[in-house]
Amino acid sequence: MPEEISAASSSGSAEEKPCSSAAAAAADSSVDVMEEAKKLIGTGNKYLVLGNVVSAVNVFQDACGMLAAKYGDTADECGEAFFLCGKSLLELARMENSVLGNALEGVPEESEEEEQPSNPNIESANNLDGHFFLTDDDDDDDDDEAGETNGQEKEEEEVGNLQLAWEMLEVAKVIYKRKESKDDQLMAAQTYLKLGEVSAESGNYPQALEDFQECLALQLRHLPPHSRLLAETHYHVATTLCYMDHYNQAIQHYNSSIKVIETRLAMLQEVIAAAEGTDGAAEEKNEMEELKQLLPDIREKVEDAKESQRTSSAASQAIQQTLGGASTSSAFLCENGGASSSSAFPAASQVQVTSPDSTSSSKAASDISHLVRKKRKPEDESPVKDADAKQAKQEATVNGSSDSSASNGSGVQEGKSQEAASQSSPLKSA
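Residues numbered from 1 in each chain as written. Predicted model: local features only at pLDDT ≥ 70, side-chain atom pairs only at ≥ 80, totals over all residues. Heavy atoms only, no water.

Draft legend 1. Layout of the overall build of the protein. When helices and strands are tallied, the protein shows 16 helices and two strands. The buried share of the protein, reckoned over its 430 residues, is 24%. Contacts in the protein between residues at least 24 apart in sequence constitute 59% of all its contacts with a sequence separation of at least 6. (Helix = DSSP H or I, 4+ residues; strand = E, 2+ residues; numbered from the N terminus. Buried < 20%, exposed > 50% of the residue type's maximum accessible area, 1.4 Å probe, protein only. Contact = heavy atoms within 4.5 Å.)

Below is the structure:
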């Protein structure tokens with residue numbers, strides 16, 4: 001029995017040794033990973049100080065990959081590495097944008113002739129002349145699908161540095177936001193600040209304003225009123241508001257930034273006064289000089305915002321006056337149904353027309369008596385009819401007999417009846 005017990009105990013100890021050695025190896029590996037990651041983070045910070053942003057990005061990405069593989073993407077151990085990597089990517093994106101902007105300066109734009117295809121096999125739209133050519137639809141569809149596939153692959157490969165920076169900073173924000181300590185909350189505030197800078201760099205000013213305001217809320221909760229971080233955040237908020245044409249709020253935040261800097265200067269002055277000797281508080285003196293140089297720039301921003309506000313208000317008033325003057329026109333109101341045509345133009349019955357028969361009297365346009373054609377006087381009749389009447393009279397005098405006189409009387413009566421008929425309807429003669 002003792003032998004069996006000893007054998008069992010020895011076997012149990014043999015089984016326990018591999019477990020303890022595996023745990024020790026895992027602990028050693030985790031320690032090694034953390035130590036290696038810290039070394040990489042330190043090296044990346046040195047690169048940032050030296051201005052070698054590309055090398056810093058590469059080192060921080062290695063640290064992020066190492067920690068994420070060991071602890072997970074959203075582990076607490078990954079927060080610092082992800083934040084620094086996102087910050088470096090943001091700086092790299094800014095460098096690329098500035099280099100691209102400087103490279104494009106002075107480059108002439110391509111003319112329309114250069115933009116046209118130089119391949120003679122490609123028919124331009126100007127040479128078609130209404131003729132249409134049939135092509136193989138299957139070949140075109142295959143080419144389109146191949147082009148779309150290649151475009152999607154290029155888009156997947158060419159992810160911008162701003163997008164990468166945003167993704168890294170979003171992970172860091174999630175990590176720091178769930179912690180409740182003061183340092184972690186302040187790191188969350190710095191993450192919000194960098195996220196706002198990413199959004200502002202890409203032109204998404206509403207999102208940038210939201211991120212800056214979140215940063216400012218956390219800083220006001222955990223920082224003293226003379227902290228330079230508060231002045232920086234107020235400045236970012238004011239600049240974003242200027243881009244969004246909210247000048248009143250921008251001026252308020254610029255003034256808040258000035259107030260924080262003035263409070264900081266008063267505090268530094270007290271520290272310098274309390275320090276003994278001329279060499280004491282050298283850092284405070286340097287910081288004081290820096291802050292004094294910043295104040296004129298911020299005050300100039302305030303004046304620029306006020307001038308932009310005046311210009312914007314003047315432009316809006318001019319537009320309102322222009323629109324208001326157009327809306328008061330009676331002609332436009334008549335077209336829109338707001339006013340009748342009688343109010344826009346004088347009534348036809350009120351227009352005075354001078355009579356052609358009298359220069360002293362005037363008649364209304366509704367009186368059309370002057371337009372009616374008047375009867376002509378007998379002497380105004382046509383000469384043909386007058387000649388016929390004279391001929392009939394002459395024939396009556398030539399005959400001389402009573403019978404002829406009777407007939408002549410009848411002819412005269414017929415002539416008179418014809419003259420009456422001709423004078424009764426002047427419109428028919430016309």
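Draft legend 2. Just the packing of aromatic side chains, in detail. Enumeration according to the criterion identifies two aromatic pairs in this entry. When the ring of Tyr 205 is compared with that of Tyr 243, the centres are 4.8 Å apart and the planes differ by 20 degrees; the resulting orientation is stacked. Of this pair, Tyr 205 sits in helix 8 (residues 205-222) while Tyr 243 sits in helix 9 (residues 228-243), placing them 38 residues apart in sequence. Plain terms: the ring middles of Tyr 235 and Tyr 254 are 5.7 Å apart, the flat faces sit at 65 degrees to each other, and that makes the pair edge-to-face. Highlighted residues: Tyr 235 in helix 9 and Tyr 254 in helix 10 (residues 247-274), separated in sequence by 19 residues. Accessibility expressed as a relative area gives 28% for Tyr 235, which makes it partly exposed. (Phe/Tyr/Trp six-rings, centres within 6.5 Å; stacked < 30°, edge-to-face > 60°.)

Draft legend 3. Examining helix 8 more closely. Given a rise of 1.5 Å per residue, 18 residues ought to cover 26 Å, and the 26 Å separating the end C-alpha atoms of helix 8 matches this to within 8%. Buried within helix 8 are the following residues: Ala 208, Leu 209, Asp 211, Phe 212, Cys 215, Leu 216, Leu 218, Gln 219 and His 222. Residues of helix 8 that are buried sit in contact with helix 7 (182-202), helix 9 and helix 10. (Expected span 1.5 Å × (residues − 1).)

Draft legend 4. Molecular detail of the side chain of His 234. Following the sequence through the fold, His 234 ends up in helix 9. In this structure His 234 touches Leu 216, His 253, Ser 256, Ser 257 and Val 260, once residues within four positions along its chain are discounted.

Draft legend 5. Quick peek at the side chain of Asp 184. Along the chain, the position of Asp 184 falls in helix 7. Buried charged residue Asp 184 carries no salt bridge. Nearest counter-charge: Lys 179, at 4.2 Å. Once you skip the residues sitting within four places of it in the chain, Asp 184 turns out to touch Tyr 176 and Lys 179. (Lys, Arg positive; Asp, Glu negative; His and termini not counted. Salt bridge = Lys/Arg side-chain N within 4 Å of Asp/Glu carboxyl O.)

Draft legend 6. Spatial organisation of the pattern of salt bridges. One pass over the full model with this rule turns up eleven salt bridges. When the shortest N-O distance is used, the salt bridge between Arg 228 and Glu 287 registers 3.8 Å. With Arg 228 in helix 9 and Glu 287 in helix 11 (residues 282-327), this pair connects stretches of sequence that are 59 residues apart. Residue classification places Glu 287 among the buried positions, given a relative accessible area of 14%. A salt bridge links Arg 299 to Glu 262; the shortest N-O distance between them is 3.2 Å. Here the residue Arg 299 occupies a position in helix 11, and Glu 262 occupies one in helix 10, the gap between them amounting to 37 residues. For Arg 299, a relative accessible area of 39% translates into the label partly exposed.

Draft legend 7. Representation of the packing of helix 7 against helix 8 in the model. Closest axis-to-axis distance for the helix 7/helix 8 pair is 8 Å, and the angle between their directions is 160 degrees. Relative to helix 8, helix 7 is oriented roughly antiparallel. Helix-helix and strand crossings are classified by hand; for helix 7 and helix 8 the assignment is left-handed. Looking at the contact of helix 7 with helix 8 residue by residue, the class counts come to twelve nonpolar, seven polar and four charged. (Axes fitted to C-alpha atoms, helices over the stretch in contact; angles between N-to-C directions. Parallel < 35°, antiparallel > 145°, perpendicular 65-115°, else oblique. Left-handed = near helix turned anticlockwise from the far one by under 90°. Nonpolar A, V, L, I, M, F, W, Y, C, P; charged D, E, K, R; others polar.)

Draft legend 8. A look at the packing of helix 6 (residues 161-177) against helix 7. Contact geometry of helix 6 with helix 7 gives a least axis separation of 9 Å together with a crossing angle of 160 degrees. Relative to helix 7, the element helix 6 lies roughly antiparallel. The element helix 6 and its partner helix 7 pack so that their crossing is left-handed. Across the interface between the two elements, Leu 162, Ala 165, Trp 166, Leu 169, Glu 170, Ala 172, Lys 173, Tyr 176 and Lys 177 of helix 6 pack against Asp 184, Gln 185, Met 187, Ala 188, Thr 191, Tyr 192, Lys 194, Leu 195, Val 198, Glu 201 and Ser 202 of helix 7. When its residues are assigned to classes, the contact of helix 6 with helix 7 shows eleven nonpolar, three polar and six charged.

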